[in-house]
Amino acid sequence: MPSSPLRPVLAVGRGIWASVLMTAMALHGMTGRYGVVNPVVREHSARQLVFSGAHAVPLVLFLGVLTGGSLLTSLGIFFPGAQNQSAVTRAAVHILSREAAPIIAALVLIVRSCPAIVVELGYMRTRGEIDAMSALGVDPVRLVVVPRFVGLVGGAFGLTAMFLAAAQAGGIAAAVLVGIETDPRAAAWSFLAHLDVTDLLSAGIKAIAFGLVLASLSCRAGLSVPRDLTRIPPAVTRTLVAALVSCVLLSALLSYVLP
Amino acid sequence: MTVLALRSVQLEAELPPVDLEVEAGESVGLVCPDQEFGTRLVRVLAGLDRPFSGTVEVFGVDISTLERDARCALRTDFGYVPAEAGVVANLDFAANVALPLRYHGVRKEPELSQRIERALDDLGLLPWTTVRAGQTLPALQKRLAYARAVALEPRLLLSEDPSSLLDPQGRSKVARLLKTLPERGTTCLAADDDIDFIRMFAQRILLFFGGRIFYDGPVDNMPPLLARTLHFAP
């Protein structure tokens, strides 16, 4: 029996291991004739991509414009003057692409998609849908888990790109409004000139990593709910907390590791 | 030909081992006063649960030794109906029946539509074709689970607690379906605690008590007193 101070550490370790296993199962599940080449799996994946990605686009665009605008306004107020113009734009582009875009896209997924996935899978498991599928030769990993991985990873990547574009637009508008730039076209060029390939690469890597983490946590939580409806709400709460902490920790780790 | 074989299968350490063979074309009813035992046995036969010891062979293959894809391929010959129906709540009736068919490669028209229609018609579900399963009563969902299972034209149909959730109309439709399945080449095995329902379709009855087979034989030869005694025993 482990001593009580070690219990949380062991629980976190078990959770990480289970999430890694879930990710490996999903990636393996994408292969073979019952994988993503199967039309039924493709349809379910497309549906998840629409739900997790396309339906969240207006919210992400709104958040992107506001974040980009407010960041540029704050930087413009703190560092006024033409001599700081380049540094302000560079800092804004860096913060938006490497930090804000992936983490806010992940937050949108945590709020919109993760609870839905945990509840849906928990409900399917409680109602015996998962077992019935399995016994009819329909692999639940392929029909249930793979589409959610596709939806969340694709959604995280797409929403990060959308957020970045919207934040740039908001930033350009703010730059003109607070007087960092006078010409909107010049402001746009300035933003693009400061956008580095490594910034985009970093944002892309973070988005994919967040998508994988969120998908594995949500699917694992939903599929491990005991056959009892009352156990679904606590599973949702646990998953949201774990997803939030995991994404923030992973973001910090990747910011340190990535060039 | 043996479709299903249990070799010294123990569900729990304290239960006696069970040996059982089911031949192709049989319609077998397992009558278990302990409902949980019957459900667990069918889940073990379907490969959803592992027994404590012993092996389960389906079509001569030990299902526990198969890889995931091979297990999926073998299960295309399976029909399975869980006690709680297990239909996909957010799909309509036709889509529920189509799901395993399309997954296993039955995608060409008109074959797909014909199989869906025939399966729904067998269970009297045609008026609900476009209704979402989650919006209907459990009795209809249970009938839908049978339609989904038989649409696959399986060689073996396993059913957990078939009489549960069903209304009287559903009971007669399901019993009629299970009775006719051997004529279509489907071996049928169902576990229930309701001996009267099992008698409506099974040619062979196995009476379980305390995990042990007390009677194994045709319905007509079954001593009614034994059946009644076991059915109502504590």
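Predicted, not measured: the structure shown is a model, and the values here were computed from it.

Asker: Any chance you could break down the sheet that holds strand S10 (residues 212-218) of chain B for me, citing the residues and the numbers?
Answerer: Residue and element names in this part refer to chain B. If you trace the six strands from one edge of the open sheet to the other, you get S6-S7-S8-S3-S9-S10, paired in mixed fashion. Looking at strand neighbours, the two that pair on one side only are strand S6 (78-81) and S10, the edges of this open sheet. The sheet shows a mean angle of 15° between the axes of neighbouring strands, taken without regard to direction. On top of the sheet, helix H1 (residues 35-45) reaches strand S3 (27-31), S6, strand S7 (156-160), strand S8 (187-192) and strand S9 (204-209); it is set at about 150° to S7, its chief contact.

Asker: So what's going on with helix H7 (residues 184-194) of chain A? Which residues, and what values?
Answerer: Residues and elements named next belong to chain A. For H7, every residue scored as buried is listed here: Ala187, Ser190, Phe191 and His194. Projected down its long axis, H7 shows its buried positions confined to an angular sector of 100°, all on one face. Among the exposed residues of H7, those oriented more than 90 degrees off its buried face are Arg185, Trp189, Leu192 and Ala193. Taken together, the buried residues of H7 touch helix H3 (57-78), helix H4 (85-126), helix H6 (140-178) and helix H8 (197-223). Of the residues flanking the start of H7, the one acting as N-cap is aspartate 183, its side-chain oxygen 3.2 Å from the backbone nitrogen of arginine 185.

Asker: I'd like a description of the sheet that holds strand S5 (residues 61-62) of chain B, backed by residues and values.
Answerer: Residues and elements named next belong to chain B. One open sheet accounts for four strands, arranged S2-S1-S4-S5; its pairing is antiparallel. The strands lining the two open edges of the sheet, one partner per strand, are strand S2 (18-23) and S5. In the packing of H1 onto the sheet, the strands contacted are strand S1 (2-10) and strand S4 (53-58), and the crossing angle to S1 comes to about 120°.

Asker: Residues and numbers for the interface of chain B and chain A, please.
Answerer: With 30 residues of chain B at the contact, the number on the chain A side is 30 residues. Summing the contributions of chain B and of chain A, the shared interface buries around 2500 Å²; its carbon and sulfur component is 53%. Counting every contact that joins chain B to chain A gives three salt bridges. Between aspartate 131 of chain A and arginine 43 of chain B there is a salt bridge; the shortest N-O distance is 2.8 Å. Put simply, the parts of the chain that give the side of chain B that touches chain A at least two residues each are helix H2 (68-74), S6, helix H3 (93-103) and helix H5 (138-151) of chain B. Of the residues in the side of chain B that touches chain A, the class split is 16 nonpolar, six polar and eight charged.

Asker: Summarise the confidence of the model for chain B; cite the residues concerned and give the values.
Answerer: Residues and elements named next belong to chain B. On average, residues of chain B carry a pLDDT of 87, and 97% of them reach 70 or more. Mean pLDDT across the elements of chain B bottoms out in helix H8 (residues 224-232) (63) and peaks in H5 (94). Both scores are given for the predicted complex: the pTM is 0.85, the ipTM 0.82.

Asker: Pulling in residues and values, what's your account of the packing of aromatic side chains?
Answerer: By the definition in use, this model includes four aromatic pairs over all chains. Note on phenylalanine 37 of chain B and phenylalanine 208 of chain B: the rings are 5.3 Å apart at their centroids and 50° apart in plane angle, and the pair reads as tilted. Separated by 171 residues along the polypeptide, phenylalanine 37 of chain B in helix H1 and phenylalanine 208 of chain B in strand S9 bring together distant segments of the chain. Of the residues examined, phenylalanine 208 of chain B reaches a relative accessible area of 1% and is grouped as buried. Ring centres 6.5 Å apart and planes at 80° place the aromatic pair phenylalanine 59 of chain B and phenylalanine 78 of chain B in the edge-to-face group. In this pair, phenylalanine 59 of chain B sits in the loop between S4 and S5 while phenylalanine 78 of chain B sits in strand S6, placing the two residues 19 residues apart along the sequence. In terms of burial, phenylalanine 59 of chain B and phenylalanine 78 of chain B fall into one category: buried. Residue placement shows arginine 112 of chain A over the ring face of phenylalanine 51 of chain A; its charged tip is 5.2 Å from the ring centre. Sitting above the plane of the phenylalanine 59 of chain B ring, arginine 155 of chain B keeps its charged end 4.0 Å from the centroid.

Definitions and cut-offs
Residues numbered from 1 in each chain as written. Chains lettered and ligands numbered in written order. Predicted model: local features only at pLDDT ≥ 70, side-chain atom pairs only at ≥ 80, totals over all residues. Heavy atoms only, no water. Pairing = 2+ DSSP bridges. Helix = DSSP H or I, 4+ residues; strand = E, 2+ residues; numbered from the N terminus. Axes fitted to C-alpha atoms, helices over the stretch in contact; angles between N-to-C directions. Contact = heavy atoms within 4.5 Å. Buried < 20%, exposed > 50% of the residue type's maximum accessible area, 1.4 Å probe, protein only. Arc of directions from axis to C-beta. Polar contact = N/O pair within 3.5 Å; in protein donor to acceptor, adjacent residues only side chain to side chain. Buried area = accessible area lost by both parts, 1.4 Å probe. Salt bridge = Lys/Arg side-chain N within 4 Å of Asp/Glu carboxyl O. Nonpolar A, V, L, I, M, F, W, Y, C, P; charged D, E, K, R; others polar. pLDDT = per-residue confidence, 0-100. Phe/Tyr/Trp six-rings, centres within 6.5 Å; stacked < 30°, edge-to-face > 60°. Lys NZ or Arg CZ within 6 Å of the ring centre and 35° of its normal.

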